[in-house]
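These are the residues of each chain, in order.
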Amino acid sequence: MTMESQPTPDHPVRRGRRTLAAAAASAVAAGALLVAPPAVADAVGADPWVSEVPGNPVPDVYRFTVPRAAVTEATGLGSGPVAVQGNFGPGKAWTDLNMGTSGSDLTATLGPLEPGLYYYQYAARPAADQDAVAFRNPAVPQEVTSKPTYATMFVPGAGAEWLDDVADGGELGMIQYGKGPKHTKEALVWTPPGYDADRAEQYPVLYLLQDEGQSYREWVELGRLGQIMDNLTLDGDAEPMVVVMGDAEAPGPAGVTKDLLPAVQRAFNVSHKGSGRAVAGIGSGGELALDAVVAKPRDFANVGSFSGGYDKPIPRGKAKQINDLTDVVRLYAGNVTDPAYDDTVALADRLTTAGVEFQPDGSDPETGGTWDTWQKNLHDFAGRIFQEVDDEGPSEGHLPFVQHELPPAGTTPAPWTDENGVVTFELGPELADANNITVWGNFGPAGSWPRTHMVQQDDGSWRLSLAVEGGSYYYKFVVDGVDRKDAGNPTKVLSEPTWSTFTVEGDSIRGRYTAEVPAESRGDVSVMSYPSTAGGGTQRSAYVWTPPDYDADRAEEYPVFYLQHGGGQTWTDWVEVGYVQRILDNHYLRGDIVPMVVVMANGNGVDFPTEITTRIVPAAEEQLNISSRADQRALAGLSMGSGHTLSTLWAHPGEFGYIGAMSAFGAPPATADVEAINEGTRLLRVYSGDTQDFTYGATLQLIAAMEDRGVNHEFAPIVPGPHSWDVWQKSLIDFLPRLFTEDAVD
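Since the model is a prediction, treat every value here as computed from it, not as a measurement. (Residues numbered from 1 in each chain as written. Predicted model: local features only at pLDDT ≥ 70, side-chain atom pairs only at ≥ 80, totals over all residues. Heavy atoms only, no water.)

## Remarks on the overall build of the protein chain
If you tally the helices and strands in the protein chain, you get 17 helices and 35 strands. Relative to the 2.2 N^0.38 estimate, which gives 27 Å for 746 residues, the radius of gyration of the protein chain is 30 Å and therefore close to what a compact globule would have. Here the protein chain, with 746 residues, has 56% of them falling under the buried criterion. With the model as given, the accessible surface of the protein chain reaches about 29,300 Å², and the carbon-plus-sulfur share is 49%. Charged side chains of the protein chain number 51 positive and 100 negative; the gap between the two group centres comes to 6 Å. (Helix = DSSP H or I, 4+ residues; strand = E, 2+ residues; numbered from the N terminus. Rg over C-alpha atoms; globule rule 2.2 N^0.38 Å. Buried < 20%, exposed > 50% of the residue type's maximum accessible area, 1.4 Å probe, protein only. Areas by Shrake-Rupley, 256 points an atom, 1.4 Å probe, with all protein chains shown as cover. Lys, Arg positive; Asp, Glu negative; His and termini not counted. Charge placed at Lys NZ, Arg CZ, Asp CG, Glu CD.)

The following block contains the structure:
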């Protein structure tokens, strides 16, 4: 079984100051050679082309800055698109973030990044339909042995403490083994803090094997093995042990048991008994680990398979020996995007059928076949071996191993989403001759727009599966540089014909508020026509949301909220892309908002203060049971719509009691009647993304101008993210409960 994993690197690490002098002397005496590991860096990342964005109100937002001249020097390409490629996508999927031009540099900004390890490379593409040329900053030492163009960065923080550097941790060295110069191999060896080569009690030892296409060094370079083992050991969560990262390219288990084990036992104070040994590996390395245990159950008391399979027979007699002689047989896999997921499910079935007692860790719902998954696998496995553990069940939140099947292509609306939030995009074999197809959508951190490559199938079709958190999404295909709508997705976006949309339920804010409510609890979305000032007797349209129990004849008129779109958009976008109807439905079902009517009109190409006051409002009041009182009217908009909203406030103070401005700009003019604005406005609340939002600076100028003029306002906490629907939806979710109520909203 061959498993293709996501690309992955590991940030260089600090090591403790203790040396392996005693072990080295022992190794030399035994004919093995122990040498120092490669130099490692102390910083979050060694690449000076990457820096945290200074002055950003949100931490862990990073900017990549590459001189165009450096691209030419590294690739020979003087022009063409350049991207940062890395595990920045949903579920740490490998994805592209296109860079833009800034003077003589190319830049891209991304974040906030969740704490953890990121690995990336730069890639220049001669043309959209040609292969990219990867490179790294040539001023930075190579970090990943098997992937020379990779660089890494570690983002510290909550949840990643177990991956962080530790003072006075263990030591890392290298041992050579094998018979004769022509057969010499290398292995990395980690010894625990306080390792004593003369200790009376021999140390237990864990042997780790890499997958096909990987280097054994990746356990340190990408797996952060040193940090994981340092933290486990010093926290008392793992028995002090020696960890050996052997070269799994040797055919069969003999390369481990006949060559590596004796060399390690000669060089280090480790157990010579199976009860003091463990073996685990990724993919083909996991198969080799299982092979070794099946061949000689006495050699290892603990075995772990990380994203691996096993297709050889296990006789009943062997199964009994394994059960009698092993303490832990544990299977791990990522989510269904892990290329080895089905192999792991089949392995679990094979062990069950053979009668082998094993522990399924279950499917990790967060990540697939990546080093992010295998880091967690190692952490769990190392904390279970050579000691008593009460809980033998799956890790918290993990899902059972069940066969995953996609519906036949074209039989369901695209994309297909399973119950765990894994979304699968497909394109048919009619594009078999395409060179490069990506899905370009708002799947990146804080709603940014990376491009994730689809994988061509054997029949020429294309497929991509991503595990995304709950929320609403918009995307399009890019086929050799040409935008293409997903013809299998029935959704449409009037202002962007190549976009399609979908939603995923989940526990995130956007996941909760963009989920469909029961049919009987939904408001109604209708279309209202009105005569526009655009001229020529133009009739324009507006979407109208009315609450589920809307009564056109109710004696008490409903408050009304006029909600505006941004530039390049139109009256349909809040419904088609923003899913405002679901946000309203969820708020109303929860009892968070008062019954109201929401009108979303067309703000393009008109003098908006005149349009809203003389055309949109009168038409709405004529056709709907809504109030004409200022304290029962609200007006808000995003980007251009915020400019429309504020210009209406300056020109017509007191006409709308509640004002919201998202990604806002537009200072009060000198003629603005500040006293009337303050007197007639119950709430003026401003929202913005962070520095990735290109109106961020203008928003700060607006706030400063209002403070200078004495305009009463609230500046909401910054919403992490760029100029995007992710920011605007979260802003609206916050704004709605504040309308038409005297009660303060925290």
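Having seen the structure, we can now continue with the description.
## Looking at the packing of helix α4 (residues 225-234) against helix α9 (residues 371-382)
Packing of α4 against α9 leaves a shortest axis separation of 10 Å and a crossing angle of 30 degrees. With respect to α9, the axis of α4 lies roughly parallel. In terms of crossing hand, the pair formed by α4 and α9 is right-handed. Note on element contacts: α9 touches α4 through Gln375, Leu378, His379 and Ala382, opposite Leu225, Ile228, Met229 and Leu232. Residues that form the contact of α4 with α9 fall into these classes: 6 nonpolar, 2 polar and no charged. (Axes fitted to C-alpha atoms, helices over the stretch in contact; angles between N-to-C directions. Parallel < 35°, antiparallel > 145°, perpendicular 65-115°, else oblique. Left-handed = near helix turned anticlockwise from the far one by under 90°. Contact = heavy atoms within 4.5 Å. Nonpolar A, V, L, I, M, F, W, Y, C, P; charged D, E, K, R; others polar.)

## Details of the packing of aromatic side chains
Summed over all chains, the structure comprises 36 aromatic pairs. Between Tyr562 and Phe656 the ring centres are 6.0 Å apart and the planes differ by 85 degrees, which places this aromatic pair in the edge-to-face class. With Tyr562 in strand β30 (residues 560-564) and Phe656 in the loop between α14 (640-651) and β33 (658-662), this residue pair connects regions lying 94 residues apart in the sequence. Per residue, the accessibility class of Tyr562 equals that of Phe656, and both read buried. Arranged with centres 5.2 Å apart and planes meeting at 70 degrees, the rings of Tyr658 and Phe740 form a pair that is edge-to-face. Here Phe740 lies in the segment after α17 (725-735) and Tyr658 lies in strand β33, a separation of 82 residues in the sequence. (Phe/Tyr/Trp six-rings, centres within 6.5 Å; stacked < 30°, edge-to-face > 60°.)

## A few points about unusual backbone geometry
Here the bond from Gly111 into Pro112 is cis, since omega is 0 degrees, no more than 30 degrees from zero. Across the junction of Ala414 and Pro415, the peptide omega takes the value -15 degrees, indicating a cis bond. In this fold, Pro415 is placed in the loop between α9 and β19 (416-417). Although it is not a glycine, Asp480 sits at a positive phi angle of roughly 50 degrees. Tracing the sequence through the fold places Asp480 in the loop between β25 (471-479) and β26 (482-484). Within the chain, Tyr579 stands out as a residue other than glycine whose phi angle is a positive 50 degrees. Mapping Tyr579 onto the fold places it in the loop between α11 (573-576) and α12 (580-590). Taking relative accessible area as the criterion, Tyr579 reaches 8% and is therefore assigned buried.

## Quick look at the pairing of strand β4 (residues 82-86)
Among the 5 residues in β4, 5 count as buried, and that is most of the element. Relative to strand β8 (residues 116-124), β4 runs antiparallel, the two being bridged by 5 bridges. Across the sheet, the residue bridging to Val82 is Ala124, located in β8. Here β4 pairs with strand β5 (residues 95-98) via 4 bridges, running antiparallel. Paired with Val84 across the two strands is Leu97, which belongs to β5. (Pairing = 2+ DSSP bridges.)

## A short note on α9
Three- or four-residue spacings in an α-helix give side chains the same orientation, since the helix completes a turn every 3.6 residues. The end-to-end C-alpha distance of α9, which contains 12 residues, comes to 16 Å, matching closely the 16 Å that a straight helix rising 1.5 Å per residue would cover. Burial runs high along α9: 10 of the 12 residues are buried. If you check which residues of α9 are buried, you get Trp371, Asp372, Thr373, Trp374, Gln375, Asn377, Leu378, Asp380, Phe381 and Ala382. (Expected span 1.5 Å × (residues − 1).)

## Things to note about the sheet that holds strand β23 (residues 455-456)
Either a parallel or an antiparallel arrangement is found when strands of a sheet pair, and the pairing is made through backbone hydrogen bonds. The strand order β19-β20-β24-β23 describes an open sheet built from 4 strands, whose pairing is antiparallel. The sheet terminates laterally at β19 and β23, the two strands that pair on one side only. Where β23 and strand β24 (residues 462-467) come together, 2 bridges link them in antiparallel fashion. What sits directly across from Gln456, in β24, is Trp462.

## Examining the packing of helix α13 (residues 608-623) against α14
Axis separation between α13 and α14 bottoms out at 8 Å; the angle between their running directions is 75 degrees. By the angle class used here, α13 and α14 are roughly perpendicular. Across the interface between the two elements, Phe608, Pro609 and Ile612 of α13 pack against His644, Ser647, Thr648 and Ala651 of α14. Classifying every residue of the contact of α13 with α14 gives 4 nonpolar, 3 polar and no charged.

## Remarks on the sheet that holds strand β35 (residues 714-715)
The strand order across the open sheet formed by 8 strands is β28-β29-β31-β30-β32-β33-β34-β35, and the pairing between neighbours is mixed. Strands with a single pairing partner mark the edges of an open sheet, and in this sheet they are β28 (524-531) and β35. Taken together, the 8 bridges between β28 and strand β29 (residues 539-546) define a ladder with antiparallel strand orientation. Each bridged residue has a counterpart across the sheet, and for Ser529 the counterpart in β29 is Ser541. Contacts from α14 reach β30, β32 (633-638), β33 and β34 (683-687) within the one sheet, and its direction differs from that of β32 by about 140 degrees. Contacting β30, β32, β33 and β34, α17 runs over the sheet at an angle of about 155 degrees to β34.

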